[in-house]
Every structure is written in structure tokens, then in C-alpha cells.
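Inside the fold
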Amino acid sequence: MSNQPFEGRQILVTGAGSGIGRATARRLSSMGAELILIGRRLDKLKETLPKAQSIGLDHSNQSELIKFSKQCGPLDGMFLNAGSYETGNVEKGDPAIFHHMIQQNLAGPWNMAHYLGPHLTEGASVVLTGSNVGIRAVPLQAAYGVAKAGVHMLAQYLAQEWAPRQIRVNAIAPGPVATDMLLDRVKDSLEPEQSLNNLKKVNPLNRIGQAEEIASLVVYLLGSESQWLTGAVIPFDGGAGAVHPG
Ligand SMILES: NC(=O)c1ccc[n+]([C@@H]2O[C@H](COP(=O)([O-])OP(=O)(O)OC[C@H]3O[C@@H](n4cnc5c(N)ncnc54)[C@H](OP(=O)(O)O)[C@@H]3O)[C@@H](O)[C@H]2O)c1
């Protein structure tokens, strides 16, 4: 097999300025893809891949997206990965946090799919980033978790909607991964070392994941080797969802 399997393919990645999005964009680029990088901070996108096309936009902002969609060419794949985290429970949490989490984690990929769907080529592949807390309830994570559960279902509806064009759509549901999102949260906790150990303990492999590991799965899903895989929500969590931590 060619070591440039993505040669000539145009792939859009959101949240490409850090973490999972950055690791995936770099991997795809090394395999020959032409990248369009999306995020709010243009300087971070440039750090990911200085020569790639970088677009500073907020995926939850419809007018920014309409403008971008008018200049966007054909797309052979999208990794709709951008998102953010805030703690929030149902009864005791501030409802504003819930609305913010829905905007940032669910309305974003919905808007991207709505405005950029017409640009997808026949046979394209799309991957959405959900979360393992969108599969099972974890204390204090209701607002984020409900939004991510919506992302999983969005992937399934899109798989159905776009199947006639042979476009595949899958969601990944990572457990804790060592990126800014997680490490900042740990750093701000009362006992950072203890918090990190607690996160490790929820899976039998007893460690947190790395962005590069997640990138491997995304590259597989975007590539031609997964051509009969669509509508799946794939946990990637060191076995946390399968095995009781006790
Ligand atoms: N790390 C984990 O433990 C974990 C676990 C499960 C799922 N996830 C999910 O994985 C995805 C990637 O997160 P990460 O872990 O790689 O953390 P990260 O390093 O914080 O990456 C999130 C990226 O999303 C971008 N972003 C956030 N809001 C955006 C918006 N409104 N419009 C456009 N871009 C936006 C951010 O860039 P700007 O700030 O420049 O916009 C940032 O580059 C997220 O959807 C997250 O919920 C993470």
C-alpha cells in the first residue's frame, strides 16, 4: 500500500489548533492529505501545520460558517472534532452552562454538517468527536455529557442521510486523553496528582490516552480501509466502558 494514501484528498479538521485535532491533522498531512484547519485561534492553527489552509472561525457561529461555505471547495472528508468542557449538573448547575455546552459541542458539528454537507464528494468520510461521558453518566458532567450523546446520535442520522451518496459517518467516544482540555482541568483541581490518578483508575489499563492514539482511529475511519463502516459510535477509553473499575 502507498505511504501517501490520502494524496489528492481534501480533509477539513475542526479543533485543529491543539490536542486530538492537531495530532490528527499532522498525521493526515504526513499521509498526503491537503488540510483545511478550523479553530478560533488562527495562531494555534498555524503552529499545527504552517503551510495548510487555516480558517479562524467559531463552529457555532452560523454567519461565519455561511461565509466560509461560499468559499469552500469539494471535501473528501471532515473531522468534526472541536468542542469544550464545563462542569454542570441538571438541578444544581447553571442552565447557562447547559446552553453553552450544547452550542459548543453539538450545534457546532450540526452547523458544520448543514452548511458543508453539499461540499462533500461521493464516497467521502466524516468523523465526529463525542465522548465516553456521552455513553454513561459521570458525576458533574451532565451538561457536557448530554451534548456529546447528541453528537453520537448526530453521527447516526448523518450516516442515514448521506448513505445514498456513499458518504460514511462515524463517531468516536474517547475516555480521558492528555490534552489541554483535560490537563487544564486537572491542574485547576484541589489535588491535581490525585485527580489524575483517579482518571487513570477508571480503566483497566490504568492510564489516560494520548492524542496520537486517537488520531490513529480517526485516520482509519477517514481512509479507504474502513469503507463498510458507518453509523458507529466507537468507545476509545482503555476499556473503561467494558470493565468495572473495582
Ligand atoms: N481530552 C479528553 O479527555 C477528551 C475526552 C473525550 C472527548 N474529547 C473531545 O475531543 C475533542 C478535542 O478536544 P481535545 O481533548 O483535543 O482538547 P483541546 O486541546 O482543548 O482541543 C479543543 C479544540 O477545539 C477548538 N474549539 C473549541 N471551541 C471551538 C469553537 N467554538 N469553534 C471552533 N473551534 C473550537 C479549540 O481551539 P480554539 O480555542 O482556538 O477555538 C481547540 O483547538 C473535543 O470535542 C472534546 O470534547 C476530549
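Residues numbered from 1 in each chain as written. Predicted model: local features only at pLDDT ≥ 70, side-chain atom pairs only at ≥ 80, totals over all residues.

**Thoughts on the overall build of the chain**
- What the chain contains, in helices and strands, is eight helices and seven strands.
- The C-alpha atoms of the chain give a radius of gyration of 17 Å, which matches the 18 Å a tight globule of 246 residues would have.
- Judged by the C-alpha coordinates and their principal axes, the chain covers about 45 × 40 × 35 Å.
- For the chain, the proportion of contacts with a sequence separation of at least 24, taken over those separated by at least 6, is 70%. (Helix = DSSP H or I, 4+ residues; strand = E, 2+ residues; numbered from the N terminus. Rg over C-alpha atoms; globule rule 2.2 N^0.38 Å. Contact = placed C-beta atoms within 7 Å.)

**What about the pairing of strand β5 (residues 120-129)?**
- Among the ten residues in β5, seven count as buried, and that is most of the element.
- When strand β4 (residues 75-80) meets β5, the two strands line up parallel, connected through five bridges. Residue pairing in the sheet places Leu 80 in a bridge with Leu 128 of β5.
- Running through helix α4 (residues 95-116), the crossover from β4 to the neighbouring parallel element β5 is right-handed. (Buried ≥ 20, exposed ≤ 12 C-beta atoms within 10 Å, placed from the backbone. Pairing = 2+ DSSP bridges. Right-handed = clockwise from strand over helix to strand, strands pointing away.)

**As for the nonpolar core**
- Counting residues in hydrophobic clusters, the biggest one holds 54 residues, and the most contacted among them are Ile 11, Val 13, Leu 35, Leu 37, Val 126 and Val 218.
- At seven residues, helix α5 (residues 142-162) tops the list of elements feeding residues into this core.
- Among residues more than four places away in sequence, those in contact with Val 13 are Gly 21, Thr 24, Ala 25, Leu 35, Leu 37, Ile 38, Phe 79 and Asn 81. (Core = buried A, V, L, I, M, F, W, Y, C linked by C-beta atoms within 7 Å.)

**Quick look at unusual backbone geometry**
- Its identity is not glycine, yet Leu 140 carries a phi of approximately 70°, on the positive side.
- Tracing the chain through its elements places Leu 140 in the loop between β5 and α5.
- With phi around 60°, Gln 166 is a residue other than glycine that occupies positive phi space.
- Judged by the 13 C-beta atoms lying within 10 Å of it, Gln 166 falls in the partly exposed class.

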